[in-house]
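Residues per chain are reported as follows:
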Amino acid sequence: MVLGNYKSVVAARSTDNEILKGAQDGGIVTQLFAYALEEGIIDGAIVAGPSDEPWKPEPVIATTKAELLAARGTKYTLSPNIALLKEATRSYGLDRIGIVGTPCQMQAVRKAQLYPIGMRDVPDKIALAIGIFCMENFPYQSLEAMVEDHCNVKLESVKKLDIGKGKFWAYTERGAVAQIPLKVTHKYEQPGCHVCLDYVSNLADVSTGSVGAPDGWSTVFVRTQNGENAWGKAIAAGCFETKPIEEVKPGLDLVTKLATEKITKNQKTLEARATFGVGKGLRNPYI
Ligand SMILES: Cc1cc2nc3c(=O)[nH]c(=O)nc-3n(C[C@H](O)[C@H](O)[C@H](O)COP(=O)(O)OP(=O)(O)OC[C@H]3O[C@@H](n4cnc5c(N)ncnc54)[C@H](O)[C@@H]3O)c2cc1C
Ligand code: SF4
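Nothing here was measured: the structure is a model prediction, and the numbers come from that model.

Student: Help me understand the pattern of salt bridges in this model?
Tutor: In a structure, side chains of opposite charge can pair up when their charged atoms sit close to one another. In total, this model carries eleven salt bridges according to the counting rule given. Between Asp16 and Lys65 there is a salt bridge whose closest N-O contact spans 2.7 Å. With a gap of 49 residues between them, Asp16 in the loop between strand S1 (8-14) and helix H1 (17-22) and Lys65 in helix H3 (residues 65-70) connect regions that are remote in the sequence. One salt bridge connects Glu53 with Lys56, and the closest N-O pair in it is separated by 3.5 Å. A residue is classified by how much of its surface remains accessible, and Glu53, at 37% relative accessible area, is partly exposed.

Student: Is there a simple way to think about the site of ligand 2 in this case?
Tutor: Residues in close proximity to ligand 2 include Thr102, Pro103, Cys104, Cys134, Met135, Glu136, Asn137, Gln190, Cys193, Cys196 and Lys262, which together make up its full environment. Within the shell around ligand 2, the residues separate by chemical class into six nonpolar, three polar and two charged.

Student: Would you mind going over unusual backbone geometry with me for this structure?
Tutor: The phi angle of most residues is negative, glycine excepted, and most peptide bonds adopt the trans form. Cis geometry marks the peptide bond from Lys249 to Pro250; its omega dihedral reads 0°. Considering the arrangement of structural elements, one finds Pro250 in the loop between strand S11 (240-244) and helix H9 (252-274). One non-glycine residue, Lys165, adopts positive backbone phi at about 55°. With respect to the secondary-structure elements, Lys165 resides in the loop between strand S6 (158-164) and strand S7 (167-172). A relative accessible area of 69% means that Lys165 is categorised as exposed.

Student: How do you make sense of the sheet that holds strand S5 (residues 126-132) when you look at a structure like this?
Tutor: In a beta sheet, neighbouring strands pair by backbone hydrogen bonds and run either parallel or antiparallel. Pairing within the open sheet is mixed, and its eight strands lie in the order S3-S2-S4-S5-S9-S10-S1-S11. Sheet topology places strand S3 (58-62) and S11 at the edges, where each strand pairs with a single neighbour. If you compare each strand with its neighbour and ignore which way they point, the axes differ by 30° on average. Inspection of the sheet shows strand S2 (residues 44-49) paired to strand S4 (residues 97-101) by three bridges, in the parallel sense. Paired with Gly44 across the bridge in S4 is Ile97. Lying on the sheet, helix H2 (residues 28-38) is in contact with S1, S2, S3, S4, S5, strand S9 (206-209), strand S10 (218-222) and S11; it crosses S5 at an angle near 170°.

Student: Would you explain the site of ligand 1 in this entry?
Tutor: By nearness alone, 31 residues border ligand 1, and Asp25, Thr30, Ala48, Thr74 and Ser210 come closest of all. Gly27 is positioned such that a nitrogen or oxygen atom in its backbone is 2.8 Å from an oxygen atom of ligand 1. In the model, a nitrogen atom of ligand 1 is placed 2.8 Å from a nitrogen or oxygen of the Phe133 main chain. When isolated, ligand 1 has an accessible area of 910 Å², and the protein chains bury 98% of it. At three residues, H2 tops the list of elements feeding residues into the shell around ligand 1.

Student: Please clarify how the side chain of Asp205 should be interpreted in this entry.
Tutor: Its place among the elements puts Asp205 in the loop between helix H7 (182-185) and S9. Discounting chain neighbours no more than four positions away, the residues touching Asp205 are Arg110, Ala127, Leu128, Ala129, Phe221, Val222, Arg223, Thr224, Asn226 and Gly227.

Student: Looking at this structure, I do not really get the sheet that holds S6. What am I missing?
Tutor: Pairing in this open sheet of three strands is antiparallel, and the strands run S6-S7-S8 from one edge to the other. The outermost strands of the open sheet, each flanked by one partner alone, are S6 and strand S8 (177-181). Going across the sheet, the axis of each strand differs from the next one's by a mean of 15°, ignoring polarity. The pairing of S6 with S7 spans six bridges and is classified as antiparallel. Within the sheet, the bridge partner assigned to Asp162 lies in S7 and is Trp169.

What counts as what
- Residues numbered from 1 in each chain as written.
- Chains lettered and ligands numbered in written order.
- Predicted model: local features only at pLDDT ≥ 70, side-chain atom pairs only at ≥ 80, totals over all residues.
- Heavy atoms only, no water.
- Salt bridge = Lys/Arg side-chain N within 4 Å of Asp/Glu carboxyl O.
- Helix = DSSP H or I, 4+ residues; strand = E, 2+ residues; numbered from the N terminus.
- Buried < 20%, exposed > 50% of the residue type's maximum accessible area, 1.4 Å probe, protein only.
- Near = heavy atom within 4 Å.
- Nonpolar A, V, L, I, M, F, W, Y, C, P; charged D, E, K, R; others polar.
- Pairing = 2+ DSSP bridges.
- Axes fitted to C-alpha atoms, helices over the stretch in contact; angles between N-to-C directions.
- Contact = heavy atoms within 4.5 Å.
- Polar contact = N/O pair within 3.5 Å; in protein donor to acceptor, adjacent residues only side chain to side chain.
- Areas by Shrake-Rupley, 256 points an atom, 1.4 Å probe, with all protein chains shown as cover.

Everything listed is a geometric property; what it means functionally is a separate question.
Have a look at this one:
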């Protein structure tokens, strides 16, 4: 249950070397959107594109492969992709929207589809929602402190940021590698993440992350009929190399362990909120 409903799960990576070069993991997000654009499954994708500040994402609507390539890689800070959802159907004129996001952003997409408050035209225009796994996120000032103060590396010299094997990693353009233990980063987490009960984007059409798969590969859950149609066609077109998840290490056991840890910990935070004050609790959005 902690992994949500899904039709299939595999380890996969893109077969396109250009995509793989700057991708965070197996390039699943960029490759699947690039294929979906080419095939007319979507006519644009809301992604976390670059901005004027290093590693600060700006949501953009990508309608070309070049724009998708420019948005590769994980930015460990907030990218309000949902802010473009309505506009995508207005000035951008999209009829088939692709969107990538964290589990909370996938929840926002589904909520807008079921309860479209101020979201006219949006519900039937979501063509492909790709969710990424997410343990926690960080405000931009936090990211600056983690990279510049703790890793002692300038944000503009960073080529890749990653969280894995219990550490936060910063790789620079000139080949230096800095790392700090996650116990140092905890205080910088976005407080709202502490009531989040979804690790693997349970509500996406297709969800993907690095955990479970070897380096350079991704774990991919295909969850909905929509997702299965797009994924099946992309596989048939040779976009991805796949391996059964049972044949890779560490596999689903680690994904299940981390999902259970996140949910158990955050469930406790939610319970504590109920008795936070004297005879008075804090709001619980789930009830
Ligand atoms: C805050 C955060 C926490 C994460 N935590 C985990 C984790 O605990 N375990 C795990 O396995 N994976 C985690 N991931 C996901 C992982 O880092 C990769 O994003 C994912 O595996 C996709 O890799 P890819 O090679 O398929 O994507 P790529 O082809 O490199 O494309 C990445 C896509 O993600 C989008 N993106 C980047 N940053 C953001 C953002 N902040 N918000 C919304 N969209 C964004 C980009 O626009 C791009 O389209 C996390 C991601 C984020 C943003
Ligand atoms: S931990 Fe949850 S609330 Fe925080 S960014 Fe990730 S999905 Fe969203």
